[in-house]
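Architecture at a glance
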Amino acid sequence: MTPNPNLPSDEGSAYGRRPPMHDAELTEVGPGTPCGELLRRYWHPIALSAEAGSRPRKVRVLGEDLILFRDGQGRPGLLTPHCAHRGTSLYYGKVDDDGIRCCYHGWKFDVRGRCLDQPCEPQGGLHRERIRQPWYPLEERYGLVFAYLGPPRKRPILPRWNLLENLPPSEKVLASGPTGFGVGADHTVREVPWNWLQNMENTLDPFHIPILHASFSGIHFVPDMALMPEVIFEHIPLGVRYRAIYRNTSRGHDMVRVSPIMFPNVRSVPDGQLRLGPSIHVTWMVPIDDTHHCLYYASRVPADFAGTIGRAKPANRAKVWSEMTEAEHQAEPDDWEAQLGQGPIAAHSDEHLVSSDRGVVMYRRLLRQQIQIVRDGGDPIGVSFDHEGALTDIEAGNFALDAPVPATVPD
């Protein structure tokens, strides 16, 4: 049959297109995957310290299911879930002074996976010392429990962050999470149902703020955030940051908003109301698996602060996020809706990146470089094996612009 010449051109039709693909190297986090092996060279928060107690707790991180508990001596432990005897889950175990005991036959393991007792065996198990329940090391800091899931001989020092150290008596560090605060939702959310990389890249995208958070959904923050900023993206020793310059603000001065990402998944976002001063938050965006992640915060707050950290609702809304209807979410989208709309894992093969995506491109390129370093047996940026190098300086915040902004650091 001869095609009808009067029909419109079919150029650009969706018919017959190739299935969209995600960038597996940068997004997949399970054991043995390129990015999963990179992420396993770092410490990650897996729970609030207050949540680690005598009741076993399920934890999923980097695609691995684990059991968290705290023994009677106050030591936290992180073990694989299935008992080394016959595979019953330690989630149903009981914790005592020196370990956790399986519910099926009573085998007991300490926080380093050593078998302490086999009550059905003569003398409590004549060869119990040969049994080891797989485990991961834990450390606690800033009210958070951190886990290291990588090669034992490559375990680095757990970093300290300068903005959370040496606090005066009038301040304290408050831990929060896992939470949907920081991704457009609220504290009713504990797991974010899409890939971790989408949230990381959103942090390096200041151009979405005057569109999504101002002109499209109304003023989520303050009117000055509706200004289109001049943006400088630059490399820093631990990652990538942007400097967003706001001219002719209502405050009577130009200002610069400095927001960094520190490898591999740490950020410090300045105050959304554009109040001047350093950032008060350090945020970890922790991959749960390939299609879920969670956020943990350590925040510098007044010593008498008794609330929770988190934006209850934008100024232009009558409801908090969890109270909104589907129609209201559609009419007034936030970061949650924008990133959720990318899918469980963004289809990178269908993207068309442009100049305003420079920060995203820089981060992806650096991520690939660090993945290759690990493949080659090296150590990625941001890991330290001595206590002298474990204090990390963060430059983040909103500052009056009274001096020239440095030129972009070369790629």
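Description of the packing of helix α3 (residues 196-203) against helix α7 (residues 358-375)
For the pair α3 and α7, interaxial distance at closest approach is 9 Å and the crossing angle is 130 degrees. Relative to α7, the element α3 lies oblique. For the pair α3 and α7, the crossing hand works out as right-handed. Contact residues: α3 offers Trp196, Leu197, Met200 and Glu201, while α7 offers Val360, Tyr363, Arg364 and Leu367. Class assignment of the residues belonging to the contact of α3 with α7 gives a composition of six nonpolar, no polar and two charged.

A few points about unusual backbone geometry
With an omega of -10 degrees, the peptide bond between Gly177 and Pro178 qualifies as cis. Look at the link from Phe263 to Pro264: it is a cis peptide, with omega at 0 degrees. With respect to the helices and strands, the residue Pro264 is situated in the loop between β16 (255-262) and β17 (266-267). The phi torsion at Gln123 lies on the positive side, around 55 degrees, for a residue other than glycine.

So, the packing of aromatic side chains
Going through the model one piece at a time under the given rule, you end up with nine aromatic pairs. Ring geometry for Phe146 and Trp284: centres 5.4 Å apart, planes at 75 degrees, overall edge-to-face. Within this pair, whereas Phe146 is found in strand β11 (residues 144-148), its partner Trp284 is found in strand β19 (residues 281-289), the two being separated by 138 residues in sequence. Given a relative accessible area of 2%, Phe146 falls into the buried group. For Trp284, a relative accessible area of 2% gives the class buried. Seen from their ring centres, Trp194 and Trp336 are 4.8 Å apart, and the 75 degrees between their planes marks the pair as edge-to-face. Of this pair, Trp194 sits in the loop between β13 (171-179) and α3 while Trp336 sits in helix α6 (residues 335-340), and the two are 142 residues apart along the sequence. Like Trp194, the residue Trp336 is buried in the burial classification. Among the aromatic residues, ring-to-ring pairing joins Phe146, Trp161 and Trp284 into one connected group. Lys58 extends its terminal NZ or CZ atom over the ring of Tyr91, reaching a point 4.5 Å from the ring centre.

Re the side chain of Gln118
Within the element layout of this structure, Gln118 appears in the loop between β8 (115-117) and β9 (135-136). On the basis of relative accessible area, Gln118 is assigned to the buried category, the value being 6%. Ignoring any residue separated from it by four or fewer positions in sequence, one finds Gln118 in contact with Trp107, Gly124, Gly125, Arg128 and Ile131.

Some remarks on the nonpolar core
Counting 80 residues, the largest nonpolar core has Ile46, Leu68, Trp161, Trp196, Trp284, Tyr363 and Leu367 as its most contacted members. Counting residues in each nonpolar core, the second largest holds 12 residues, with Cys83, Leu90, Ile100 and Cys102 among its members.

A closer look at the sheet that holds strand β4 (residues 76-79)
In space, the four strands of this open sheet follow the order β2-β3-β4-β9, with antiparallel pairing throughout. Of all strands in the sheet, those with a lone pairing partner are β2 (57-61) and β9, marking the two edges. The pairing of strand β3 (residues 64-70) with β4 spans four bridges and is classified as antiparallel. Along β4, the bridge assignment pairs Leu68 with Leu78.

Digging into the side chain of Asp289
Assignment of secondary structure puts Asp289 in strand β19. A polar side-chain atom of Asp289 sits 3.1 Å from a polar atom in the side chain of Arg60. In terms of polar contacts, Asp289 uses its side chain to reach the backbone amide nitrogen of Thr291, at 3.0 Å. Sequence-distant contacts of Asp289, that is, excluding residues within four places in its chain, are made with Val29, Arg60 and Gly63.

Reading guide: rules and limits
Residues numbered from 1 in each chain as written. Predicted model: local features only at pLDDT ≥ 70, side-chain atom pairs only at ≥ 80, totals over all residues. Heavy atoms only, no water. Axes fitted to C-alpha atoms, helices over the stretch in contact; angles between N-to-C directions. Helix = DSSP H or I, 4+ residues; strand = E, 2+ residues; numbered from the N terminus. Parallel < 35°, antiparallel > 145°, perpendicular 65-115°, else oblique. Left-handed = near helix turned anticlockwise from the far one by under 90°. Contact = heavy atoms within 4.5 Å. Nonpolar A, V, L, I, M, F, W, Y, C, P; charged D, E, K, R; others polar. Phe/Tyr/Trp six-rings, centres within 6.5 Å; stacked < 30°, edge-to-face > 60°. Buried < 20%, exposed > 50% of the residue type's maximum accessible area, 1.4 Å probe, protein only. Lys NZ or Arg CZ within 6 Å of the ring centre and 35° of its normal. Core = buried A, V, L, I, M, F, W, Y, C linked by side-chain atoms within 4.5 Å. Pairing = 2+ DSSP bridges. Polar contact = N/O pair within 3.5 Å; in protein donor to acceptor, adjacent residues only side chain to side chain.

Just geometry here; none of it tells us what the structure is for.
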